Amino acid sequence: GDSVTQMEGPVTLSEEAFLTINCTYTATGYPSLFWYVQYPGEGLQLLLKATKADDKGSNKGFEATYRKETTSFHLEKGSVQVSDSAVYFCALNAGGTSYGKLTFGQGTILTVHP
Amino acid sequence: GAVVSQHPSWVICKSGTSVKIECRSLDFQATTMFWYRQFPKQSLMLMATSNEGSKATYEQGVEKDKFLINHASLTLSTLTVTSAHPEDSSFYICSAASSGGAVEFLGTQYFGPGTRLTVL
């Protein structure tokens, strides 16, 4: 079945450090890929998405490129801030269609220290 | 745009009572809404898919009679936890998938802020 695997956390960084959170997936067809962020006590917010191979999603300094050859969608940010501390979820929509279910990774806790 | 609200944001109830949670898409129409449950420090578990005007589709292991879902309009879905027990205490999150409007929103799920349910 469809699945998403994220690097295990927690990840702890100093402010202005470079961030990479790895995400790989298994899916049939051509999935759409997403990164969601969850701040403490809140729901999920869409951070970025990519709907086809080689697409790059970007938002708020975060980037992720849809790599079909390696079935990956790694999240990167060049310089993290304390306010980026949150839980990050990689997810896929297996059908690549509008209303399909999302399959989530287990989440990666990021803590950024001043 | 693409805002989803949930009400209430938190609720405490006694064991055996029923609790209703509302999920609304505020600025877009959502043919499909999803209900998730999240345990502390864990990922989201999909409970059911709710389609406007039809019965919800429940995931394996989720009790239909305990978690009643109604999707009466394109902007509102409700989850009722019937005869709640302490093991039902959790963080419940809904999401809505846009069914129209701007292309960049189409197909993306937008999440509500969640409802913290505590059953005593």
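Keep in mind the model is a prediction, meaning the values are calculated, not measured.

Engineer: Quick question: what am I supposed to make of the pattern of salt bridges here?
Structural biologist: Note that side chains of opposite charge can pair when their charged atoms are close. Tallying each qualifying case throughout the model produces five salt bridges over all chains. With a shortest N-O distance of 3.3 Å, D55 of chain A and K52 of chain A are connected by a salt bridge. One salt bridge connects R24 of chain B with E22 of chain B, and the closest N-O pair in it is separated by 3.5 Å. Owing to a relative accessible area of 34%, R24 of chain B belongs among the partly exposed residues under this scheme.

Engineer: Where do I start with the interface of chain B and chain A in this structure?
Structural biologist: Where the parts come together, the accessible area they lose is often given as the size of the interface. Taken together, the contact between chain B and chain A spans 24 residues of the former and 19 residues of the latter. Across the chain B/chain A interface, buried area totals approximately 1,600 Å², and carbon plus sulfur atoms make up 57% of it. Inspection of the chain B/chain A interface yields zero salt bridges. For the pair chain B and chain A, the number of links is four residue pairs in polar contact (both at pLDDT 80 or more). In terms of residue class, the side of chain B that touches chain A is made up of 11 nonpolar, 11 polar and two charged.

Engineer: Explanation requested: the sheet that holds strand β9 (residues 75-77) of chain A in the structure shown.
Structural biologist: Sheets are built from strands paired through backbone hydrogen bonds, the pairs being either parallel or antiparallel. All names here are of chain A. Here four strands make up an open sheet; going across it, the order is β3-β9-β8-β7 and the pairing antiparallel. The sheet terminates laterally at β3 (19-21) and β7 (56-59), the two strands that pair on one side only. Strand-to-strand twist in this sheet, taken as the mean axis angle between neighbours without regard to direction, amounts to 15°. Two elements, β7 and strand β8 (residues 62-65), share four bridges in a ladder whose sense is antiparallel. Bridge pairing in β8 links G57 to A64.

Engineer: Mind showing me how you'd approach the state of the cysteines here?
Structural biologist: Applying the stated criterion across every chain, the model contains two disulfides over all chains. The residue that forms a disulfide with C23 of chain A is C90 of chain A, at a sulfur-sulfur distance of 2.0 Å. Taking the torsion about the sulfur-sulfur bond, which here is approximately -70°, the covalent link between C23 of chain A and C90 of chain A counts as left-handed. On the criterion of sequence distance, the pair formed by C23 of chain A in strand β4 (residues 23-26) and C90 of chain A in strand β10 (residues 86-93) is long-range, its members being 67 residues apart. When its relative accessible area of 1% is taken as the criterion, C23 of chain A is described as buried. Note on C90 of chain A: relative accessible area 1%, which makes it buried. Between the sulfur of C23 of chain B and that of C94 of chain B lies a disulfide, 2.0 Å long from S to S. Disulfide C23 of chain B-C94 of chain B: torsion about the S-S bond near 80°, hence right-handed. Taken as a pair, C23 of chain B in strand β3 (residues 19-25) and C94 of chain B in strand β9 (residues 90-98) lie far apart in primary sequence, 71 residues in all. Accessibility assignment for this pair places C23 of chain B and C94 of chain B in one class, buried. Left without a disulfide partner, C13 of chain B is nearest to the cysteine sulfur of C94 of chain B, which lies 18 Å away.

Conventions and cut-offs
Residues numbered from 1 in each chain as written. Chains lettered and ligands numbered in written order. Predicted model: local features only at pLDDT ≥ 70, side-chain atom pairs only at ≥ 80, totals over all residues. Heavy atoms only, no water. Salt bridge = Lys/Arg side-chain N within 4 Å of Asp/Glu carboxyl O. Buried < 20%, exposed > 50% of the residue type's maximum accessible area, 1.4 Å probe, protein only. Contact = heavy atoms within 4.5 Å. Buried area = accessible area lost by both parts, 1.4 Å probe. Polar contact = N/O pair within 3.5 Å; in protein donor to acceptor, adjacent residues only side chain to side chain. Nonpolar A, V, L, I, M, F, W, Y, C, P; charged D, E, K, R; others polar. Pairing = 2+ DSSP bridges. Helix = DSSP H or I, 4+ residues; strand = E, 2+ residues; numbered from the N terminus. Axes fitted to C-alpha atoms, helices over the stretch in contact; angles between N-to-C directions. Disulfide = S-S within 2.5 Å.

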